Amino acid sequence: MTIPEPMPDLEAFDMLATMVALASPEGSCLLANASLENTIGLSRRTLLRGSLLDWLEDPSPLQETLRAVASNEVSTSRFDGQLRRGGVGQADALPVHVIVNQTDRADRVLIEMIEIEQQTRVDREERALGLAQANKELVRNLAHEIKNPLGGIRGAAQLLAMEIGSPTGRLREEPSNPGAPGPTPGLGAARARELTEYTNVIIHEADRLQALVDRLLAPHRRPHVVSDCNIHEVCERVRSLVQAEHPRGLEVERDYDASIPEFRGDREQLIQAVLNIVHNATQALSDRIPAGDARIVLRTRIARQVTIGKQRFRLALELHIEDNGPGVPETLRDRIFHPLVSGRDGGSGLGLTLAQTFVQQHQGTIVCQSVPGRTVFTILIPLP
C-alpha cells in the first residue's frame, strides 16, 4: 500500500504576498494559498474543486506549460496572462505574470502568479498617503486663516442689523449734497427692511462658511473614540439613513460575510466615512432613482496578506460600496480624494476627503474603480 506524501505546509504559503498554487499536469488545483484565494474572490474549498485553467482568460499557455514542465521538457517557464476574478463582483481581469516550476514529484507543478500592477499600486498608495498628509496640513492652515476674519464679519453684520432694527438707534442717511445742513434723520421702513435682508444674507453666508471650516477642521480636532466596532452595524446604520431618504427607486443590497470579527475603532467616524461614499453614490444615481433601477451594493469580505502603504497585515476588512451609476469622470479619477474637488455643481468636495481621512485614522485606505455603469469604492481596514 502506497501512502501519499503529505502536502506542503499551507501556513508557509499563506505568508507569501504572491499567489501560489500546486496543480496537477492537467490543471486540477491541489493547493491554493490565501493570496490566490483573496485575489480570485472565492473560498479555498471552491478553488480546490476546480481547475486553475478556468481562472485564466486564455488557458492554453498554462495548459501547454503544465504539460511541458510535468514531462521534464523544461524545468521552469514564464508567461503573462489575465486572471479572472469571480467572487467579489469583479468583471475585469487582472494582468499577472505566471511562473511555472517543477517540484520533486511529477504529479505536482508549482505555479506562482505575480500581479503586474502590484508594485504600481503600492507606489500609488504611498503617494496617496503622503499627499493626504500634505493636504491635511494645507487645509488646516487655510481653515484657520479663514476662521479668524469670519467671526469679525459675522459680528459686524449682527451689530449692523441691531442698529437698523433699533427704534432709538436707527441709522441715518447721509445727505446727497455734502454742503447741505446736517444728516436727514431716520430710515424709511422699506429701506430698513431692505438693509436688514442684506445683513441677514451676510450672517447666513458667514454661518455657511463657518460650517465648511468646521468640517475642514473636524478630523484634526475631534477626539478618536475607540471602542469595539462591528462593520455590519455601521453598514446597517448607513443603509437605514439612505433608505429613509430614498424610500422608492433605490435598492440597497446587502452581501455580508458574517464571519468578519469586531475590531477597535471609532464607530461614528466609520459611519460618516461610509455615509459620505454612499451619499456620493446616490447623487450619481439621481437620474436612475426616478426610473426605479438605481442600485447600491454593500459587500463585506475578508482579505488576507494585505499591504497598505508600506505595512503588511495578515487580515483586513474589505468593504465594497458599488453602484450602477454613470461612473466617475476620467478627468477626476486621480483627484477624487483631494479636498475641494467635486464632480457636481454645488458640491463642497469634502465628502471623500473626510472619508479617506477617517479611514486612514484606522490605518486603512480607500481605493476606487470606476467604469460607466459600475463604480466600486473599497475600504480596507486592518483586522486584529
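Residues numbered from 1 in each chain as written. Predicted model: local features only at pLDDT ≥ 70, side-chain atom pairs only at ≥ 80, totals over all residues. Heavy atoms only, no water.

Asker: Go over the overall build of the protein chain, please, and point to the residues and values.
Answerer: Scanning the protein chain from N- to C-terminus turns up nine helices and 12 strands. Evaluated residue by residue, the protein chain yields a buried proportion of 42% over its 384 residues. Taken as a whole, the protein chain presents about 20,500 Å² of accessible surface, with 53% of it coming from carbon and sulfur. (Helix = DSSP H or I, 4+ residues; strand = E, 2+ residues; numbered from the N terminus. Buried < 20%, exposed > 50% of the residue type's maximum accessible area, 1.4 Å probe, protein only. Areas by Shrake-Rupley, 256 points an atom, 1.4 Å probe, with all protein chains shown as cover.)

Asker: Describe the pairing of strand E10 (residues 311-323), listing the residues and the values that go with them.
Answerer: The buried fraction of E10 is high, at 10 of 13 residues. By the bridge criterion, 12 bridges tie strand E9 (residues 294-308) to E10 in an arrangement that is antiparallel. For isoleucine 308, the partnering residue across the bridge sits in E10 and is glutamine 311. For E10 and strand E12 (residues 374-382), the ladder comprises eight bridges, and the chain directions are antiparallel. Of the residues in E12, the one forming a bridge with glutamate 322 is valine 376. (Pairing = 2+ DSSP bridges.)

Asker: Can you explain the nonpolar core? Please cite residues and give values.
Answerer: Of all hydrophobic cores here, the largest spans 42 residues; its most connected members are Ile321 and Ile379. Among the elements of the structure, helix H7 (231-245), strand E7 (250-255), helix H8 (267-284), E9, E10, helix H9 (351-360) and E12 are those that each provide at least two residues to this core. Not counting chain neighbours up to four residues away, the residues in contact with isoleucine 379 comprise Val274, Ile277, Leu317, Glu318, Leu319, Ile321, Val359, Thr365 and Ile366. Counting 24 residues, the second-largest nonpolar core is a separate cluster that includes Ala21, Leu53, Leu94 and Ile111. (Core = buried A, V, L, I, M, F, W, Y, C linked by side-chain atoms within 4.5 Å. Contact = heavy atoms within 4.5 Å.)

Asker: I'd love a proper account of unusual backbone geometry, names of residues and values included.
Answerer: A positive phi angle, near 65 degrees, is found at asparagine 72, a position not held by glycine. Here asparagine 72 shows up in the loop between helix H4 (60-70) and strand E3 (76-83). Asparagine 72 gets classed as exposed once you look at its relative accessible area, which sits at 55%. Phi at glutamine 363 takes a positive value of approximately 65 degrees, unusual for a residue other than glycine. Mapping glutamine 363 onto the fold places it in the loop between H9 and strand E11 (365-371).

Asker: Give a description of H7 that names residues and reports values.
Answerer: In a regular helix each residue adds 1.5 Å, so 15 residues correspond to 21 Å; H7 covers 21 Å between its end C-alpha atoms and thus fits that length. Within H7, burial applies to Ile231, His232, Val234, Cys235, Val238, Arg239 and Val242. Projected down its long axis, H7 carries its buried residues within an arc of 150 degrees, all on one side. If you follow the buried residues of H7, they end up packed against strand E6 (227-229), E7, strand E8 (263-265), H8, E9 and E10. At the N-terminal end of H7, a side-chain oxygen is found 2.8 Å from the backbone nitrogen of histidine 232, two or three residues along, and the residue is asparagine 230. (Expected span 1.5 Å × (residues − 1). Arc of directions from axis to C-beta. Polar contact = N/O pair within 3.5 Å; in protein donor to acceptor, adjacent residues only side chain to side chain.)

Asker: Before we move on, can you summarise the sheet that holds E9 with the specific residues and values?
Answerer: Strand order in the open sheet made by the five strands is E7-E9-E10-E12-E11, with mixed pairing throughout. With partners counted over all chains shown, the strands left at the sheet margins are E7 and E11, one partner each. Strand-to-strand, the axes of this sheet are offset by a mean angle of 20 degrees, without reference to chain direction. Across the sheet, H8 lies against E7, E9, E10, E11 and E12, angled at about 35 degrees from E10, the strand it touches most. Along the sheet, H9 makes contact with E11 and E12, crossing E11 at roughly 140 degrees. (Axes fitted to C-alpha atoms, helices over the stretch in contact; angles between N-to-C directions.)

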